[in-house]
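Chain and residue survey
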Amino acid sequence: MTLIARKLSAILQQIRTAEWQAQRKGHSVELLAVSKTKPTIDLIQAYQAGQRHFGESYLQEALFKQKELSCYQITWHFIGPIQSNKTRPIAEHFSWVHSVDRLKIAQRLSEQRPAHLSPLNVCIQVNISNEATKSGFSLLELPEVIGKISCLPNIKLRGVMAIPRPETDFSLQKAPYRQLYQAVKALKKPELDTFSFGMTGDLSAAIAEGATIVRVGTALFGVRN
Ligand SMILES: *Cc1c(COP(=O)(O)O)cnc(C)c1O
């Protein structure tokens with residue numbers, strides 16, 4: 001067993017435990033392996049241990065890995081900042097985008113999604129801690145933005161993604177996720193079934209508050225340089 005296979009197994013165990021502690025259904029949370037800056041050999045090790053969903057933040061790096069790994073049945077998620085002149089390759093080469101932080105980005109992704117592919121799965125990024133340095137919509141903007149993005153033809157709006165300010169205390173970790181989860185549930189749109197919440201440092205708190213996808217890099221692949 002490789003080190004990455006052992007780490008993968010430990011993270012999946014942590015996810016199953018958190019689901020159980022939150023009285024959630026087993027396997028209601030999906031692990032997204034965040035492989036940015038890591039070599040393709042690391043992705044192959046995770047793949048061979050059963051991992052299928054991978055998240056990347058940097059477009060050129062992601063496209064390079066996709067070419068190298070074209071024989072593998074990987075579902076690719078884009079989770080990084082998006083410049084509007086980079087939307088076309090993202091629309092062409094990914095199944096999911098978690099980091100839609102402007103209306104214009106959503107419109108371009110919809111226009112540029114190739115017709116032969118299924119609609120692009122999209123999460124709206126929400127700046128839940130209202131940090132000036134972080135991108136994303138505010139909670140107040142959410143209803144209007146969801147309404148507008150839901151109408152775009154080649155996008156399937158699936159839910160929200162958040163990166164709250166890092167906290168070590170469990171209840172402080174949970175608070176922003178709870179607030180966002182409740183704000184989305186209040187809209188009563190059952191098609192919004194995805195809560196991309198939680199990373200290495202706070203995945204159990206995120207699962208306690210409704211995460212359906214946790215995005216884990218460091219715990220799986222080690223610290224990034
Ligand atoms: C890098 C990154 C992650 C993974 O963070 P870790 O703390 O290494 O697990 C998750 N989400 C986003 C958006 C990221 O950029």
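Residues numbered from 1 in each chain as written. Predicted model: local features only at pLDDT ≥ 70, side-chain atom pairs only at ≥ 80, totals over all residues. Heavy atoms only, no water.

**Observations regarding the pairing of strand β6 (residues 155-162)**
Buried residues dominate β6, accounting for seven of its eight residues. Note that strand β5 (residues 120-126) and β6 share seven bridges and pair parallel. By the bridge assignment for β6, Ile-124 is matched with Val-160. What joins β5 to β6 is helix α6 (residues 142-150), and the crossover it makes is right-handed. Pairing of β6 with strand β7 (residues 194-197) involves four bridges; the strand directions are parallel. Across the sheet, the residue bridging to Met-161 is Ser-196, located in β7. Taken together, β6, helix α7 (residues 170-185) and β7 form a β-α-β motif whose crossover is right-handed. (Buried < 20%, exposed > 50% of the residue type's maximum accessible area, 1.4 Å probe, protein only. Helix = DSSP H or I, 4+ residues; strand = E, 2+ residues; numbered from the N terminus. Pairing = 2+ DSSP bridges. Right-handed = clockwise from strand over helix to strand, strands pointing away.)

**Section: helix α3 (residues 59-68)**
Listing the buried residues of α3 in full gives Leu-59, Ala-62, Leu-63, Lys-65 and Gln-66. One side of α3 holds all its buried residues, which, seen down the axis, span an arc of 165 degrees. Seen from the open side of α3, the exposed residues pointing more than 90 degrees away from its buried face are Gln-60, Phe-64 and Lys-67. Packed against the buried residues of α3 are α2 (40-48), β2 (53-56), β3 (75-78) and α4 (87-93). (Arc of directions from axis to C-beta. Contact = heavy atoms within 4.5 Å.)

**A look at the site of the ligand**
Inspection of the region around the ligand gives Val-34, Lys-36, Ser-57, Ile-79, Ile-163, Met-199, Thr-200, Arg-215, Val-216, Gly-217, Thr-218 and Arg-224 as its neighbouring residues. With respect to the ligand, the side chain of Lys-36 contributes an N or O atom lying 2.6 Å from an oxygen atom. The separation between an oxygen atom of the ligand and a polar side-chain atom of Thr-218 is 2.5 Å. Relative to its unbound accessible surface of 390 Å², the ligand loses 88% to contact with the protein. Counting atoms within 2 Å of the grid points, the majority share of the ligand lands in the largest pocket. (Near = heavy atom within 4 Å. Polar contact = N/O pair within 3.5 Å; in protein donor to acceptor, adjacent residues only side chain to side chain. Areas by Shrake-Rupley, 256 points an atom, 1.4 Å probe, with all protein chains shown as cover. 1 Å grid on protein atoms, 1.4 Å probe; cavity = no way out; pocket = protein on both sides within 12 Å on 5 of 7 lines; lining within 4 Å. Sits in = over half its atoms within 2 Å of the grid points.)

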